[in-house]
Structure formats: structure tokens, C-alpha cells
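Single-letter residue listing:
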Amino acid sequence: MNYERVVIFIDGSNLFHAIRYINIKIDYQKLVDFLKEDRKLIRAYFYGAIPQEKDIKKNSPEWESYLRQRRFLEELSLQGIKVKLAKLRRLPSGEYIEKEVDIMLATDMLSMAHMNTYDTAVLVSGDSDFSYTVEEVQRIGKRVENATFKKTSSYQLRKVCDRFLLLDDYMDRFVVQEKMEVSQELSFWERIRRLWKG
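Figured I'd write up the structure that's included with this text. (Residues numbered from 1 in each chain as written. Predicted model: local features only at pLDDT ≥ 70, side-chain atom pairs only at ≥ 80, totals over all residues. Heavy atoms only, no water.)

Topic: the nonpolar core
Here's step 1: Counting residues in each nonpolar core, the largest one holds 31 residues, and the members touching the most others are Leu15, Ile26, Tyr28, Leu35, Val124, Phe149 and Leu167.
Here's step 2: Elements with a contribution of two residues or more to this core: strand E1 (5–11), helix H1 (12–22), helix H2 (28–36), strand E3 (40–51), helix H3 (61–78), strand E4 (81–90) and strand E6 (120–124).
Here's step 3: Discounting chain neighbours no more than four positions away, the residues touching Leu167 are Leu31, Phe34, Leu35, Val124, Ala147, Thr148, Phe149 and Phe174.
Here's step 4: By size, the runner-up hydrophobic cluster in this structure holds 23 residues, among which are Val7, Val101, Tyr118 and Cys161. (Core = buried A, V, L, I, M, F, W, Y, C linked by side-chain atoms within 4.5 Å. Buried < 20%, exposed > 50% of the residue type's maximum accessible area, 1.4 Å probe, protein only. Helix = DSSP H or I, 4+ residues; strand = E, 2+ residues; numbered from the N terminus. Contact = heavy atoms within 4.5 Å.)

In C-alpha cells, the structure reads:
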């Protein structure tokens, strides 16, 4: 076992946009295992934002989406991934805006570097706004690796990091193969009928 200590920082919003574009589902535990390699994992963090419950009309499509998000975040927590959330702010137009998430992630990355919590930070994001944070963490004497999908990758961020992993090249290690929904499965009698037709 390698004694290099690693902390993984996942920018949930940035990752969500990439996987939505590619149309895949990720097994986050497998992603964490892949990124930590043979190193000692201190912790994996997932940063995101959700609306406040009071801003959502119950029994609406928006409410169902909110409940799915809550279940997803609870599932991450049960897998040992520390979830850190900001609140989405509702604009007068009804749209939501994400605030504070990048600052939370950057603050944690810097403070943990100062506390000597890790040797290497793995930043799962393609957001170039983290470039300055990365340089400061490196100035403290820590390594920073960047892992992201091509769709959301930033040349500037890749350039400042010590190592870059294009996740598109390793999807077989952490992508969930979707099972057919019950409505898409063939019924018992349909399978029998097809067998007889040969």
C-alpha cells in the first residue's frame, strides 16, 4: 500500500453537466476507488446545491426532482462520501442560481492543505475558476490532480495541475450499465411466444 494520503473533491454541478451531456450514470464508489488508486484515501467530498424545501411546490414535477436529489445525496453519504451542500437561490424569474459551492470546495481544499490532511488532492471538475486555488495548494507543497470529462474540461485547469485524467478514457471503471426498466422487459409470455416463433 502506498502511504500517499489523498482527498477527493468532487464538484457535483460540474460533473452533473458532463454526465448529463454524455448520458451516463456513475457509480460514485467505483469512481472514488478508481481515483484513489493504491493510495490512502482520507475522504471523498461531494459539493452540490439543492433548493430549499420551502421554495418548492409539493406534488409537482419540481418536488419529485427534489426528492430524487435528496435520495441521491443520502446514497452518497451511505457510501462514505461526505456531502457538503449550499442552498440554491431562487430568482424572481423562478430560476435557481448556485452560489457558494465553488467557494466551499476551494476553502476546504486550501484549509486541508494547510492542516496537512493530504499529500495529493484530486479535483473532479473542469471549472477553470479553481486554477488559482490549485496554485495556492501547490505553493503549500501539495500535489493536485485534475479528473474530468472532455465536455467540461478546462485547458487552464489542466495546465496548472500536476496530473490530468480524462475520465472519458476510463468510463468502463465507474459507469453503471443501465438495466431495462420493468416496462421495457419482455413479459414471460412474450419470451415464450418469441421462442416458439424461432
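Concerning the pairing of strand E7 (residues 143–148)
A regular strand carries its side chains on alternate faces of the sheet.
Here's step 1: For E7, the buried fraction is high: 5 of the 6 residues fall into the buried class.
Here's step 2: The parallel pair E6 and E7 is bridged by helix H5 (residues 131–139), and the resulting crossover is right-handed.
Here's step 3: Looking at chain direction, E7 and strand E8 (residues 163–166) are connected through 4 bridges and run parallel. Within the sheet, the bridge partner assigned to Thr148 lies in E8 and is Leu166.
Here's step 4: This β-α-β element, E7 to helix H6 (residues 155–160) to E8, shows right-handed connectivity. (Right-handed = clockwise from strand over helix to strand, strands pointing away. Pairing = 2+ DSSP bridges.)

A look at the pattern of salt bridges
Here's step 1: Taken as a whole and assessed by the stated rule, the structure comprises 9 salt bridges.
Here's step 2: With a closest N to O distance of 2.8 Å, Glu37 and Arg163 form a salt bridge. Remark: Arg163 occurs in strand E8 and Glu37 occurs in the loop between H2 and E3; sequence separation between them is 126 residues.
Here's step 3: Judged by its relative accessible area of 35%, Glu37 is partly exposed.
Here's step 4: On the basis of relative accessibility, which here comes to 28%, the residue Arg163 falls in the partly exposed class. (Salt bridge = Lys/Arg side-chain N within 4 Å of Asp/Glu carboxyl O.)

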